[in-house]
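# Structural features, examined
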Amino acid sequence: MKCQEVERYLQSYIDGEFDPEEVTEIEQHFKFCPVCQKRVAFQGWFKDQFRNRMEHAVVPIRFQREMTGMLKRERIRSMPAAVKLSPAFAVLAVFLVVYFSPHIQVSSPIVEASVDSHTQNLPYDVQSADVRQVKNFFKPRIDYALRIPQFHKTDIMLGGARLTSIRNHSAATLTYWKKGHRYSLVAAPLTEDFEPPENARRIHPDQDYYLVRHNGYNVLIWPMGKIVYSLVSNDDESALLDLVANADYEQ
């Protein structure tokens, strides 16, 4: 099952409309796709909040008219003042935006996937500091030539890796260690529609290195050949840039 199919049937899954076999199939996708995991968790939480807050709420006619007009124009930029007067109205506004404006994207999939991988700290599929052994693990599992960064000029060592998925593409999550300090790196195929996150800041004048702050972590994103990388750490931007700028890549 691909991400587009999951998104299409997400509401039916949350509402419990699937039979056991269909539930197994979609939950198998969740195991390898942190982006869809996060989406289903949010949708489930949101529906609960919406039901609880809207049980006795009465939506003003003025508010209904304004929201209807904004949805028709498909340009929801700000909420009416009435939304801010009640938590119930605020939840309703978010509901309308989420369900009627699916083109709105809060964050980059690779950024979300890399930060989720870092915070979840899931077990390795392959545990080794040997780059070739890790690369051999991914050969039959991904459809692109993985190049694994190596940081020879530092004491950062590869710890292991696991398979993940980003927008229907198999990707690699690599974990590095430096004196007990953990770094998480996602390597995904570079597609034609790749763009850095809207809130990312370019931090190198000559190379495409972009920095974004997400969920309390610094995330450095950069394309290299046919791969885009996303590195997550608590390091400051200068330390991350220096680390990546001096990396070597296994052919």
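Right, let's walk through the structure included here. (Residues numbered from 1 in each chain as written. Predicted model: local features only at pLDDT ≥ 70, side-chain atom pairs only at ≥ 80, totals over all residues. Heavy atoms only, no water.)

It is worth spelling out the packing of aromatic side chains at this point. Taken as a whole, this structure holds five aromatic pairs when the rule is applied. The interplanar angle of 70° and the centroid separation of 5.1 Å between the aromatic rings of Phe-151 and Tyr-176 together place this pair among those described as edge-to-face. Within this pair, whereas Phe-151 is found in the loop between strand E1 (149-150) and strand E2 (157-166), its partner Tyr-176 is found in strand E3 (residues 169-178), the two being separated by 25 residues in sequence. Assessed through its relative accessible area of 6%, Phe-151 is described here as buried. On the basis of relative accessibility, which here comes to 2%, the residue Tyr-176 falls in the buried class. (Phe/Tyr/Trp six-rings, centres within 6.5 Å; stacked < 30°, edge-to-face > 60°. Helix = DSSP H or I, 4+ residues; strand = E, 2+ residues; numbered from the N terminus. Buried < 20%, exposed > 50% of the residue type's maximum accessible area, 1.4 Å probe, protein only.)

Before going further, it helps to spend a moment on the side chain of Thr-175. Within the fold, Thr-175 resides in strand E3. For Thr-175, a relative accessible area of 8% corresponds to the buried category.

For strand E8 (residues 227-233), the tally of buried residues reaches seven of seven residues, placing the bulk of the element in the interior. Residue alternation in E8 divides its side chains into two sets, Ile-227, Tyr-229, Leu-231 and Ser-233 and Val-228, Ser-230 and Val-232, and both sets are buried. In this structure, strand E4 (residues 181-189) lies alongside E8, joined through six bridges in antiparallel fashion. Looking across to E8, one finds that Ser-184 is bridged to Val-232. (Pairing = 2+ DSSP bridges.)

The strand order across the open sheet formed by seven strands is E2-E3-E4-E8-E7-E6-E5, and the pairing between neighbours is antiparallel. One side of each edge strand has no neighbouring strand; the edge strands of this open sheet are E2 and strand E5 (201-202). Strand direction decides the pairing type here: E2 and E3, joined by nine bridges, are antiparallel. Across the sheet, the residue bridging to Gly-160 is Thr-175, located in E3. Together, E2 and E3 form the strand contacts of helix H7 (residues 131-138), whose direction differs from that of E2 by roughly 15°. (Contact = heavy atoms within 4.5 Å. Axes fitted to C-alpha atoms, helices over the stretch in contact; angles between N-to-C directions.)

All we've got here are geometric facts, nothing functional implied.
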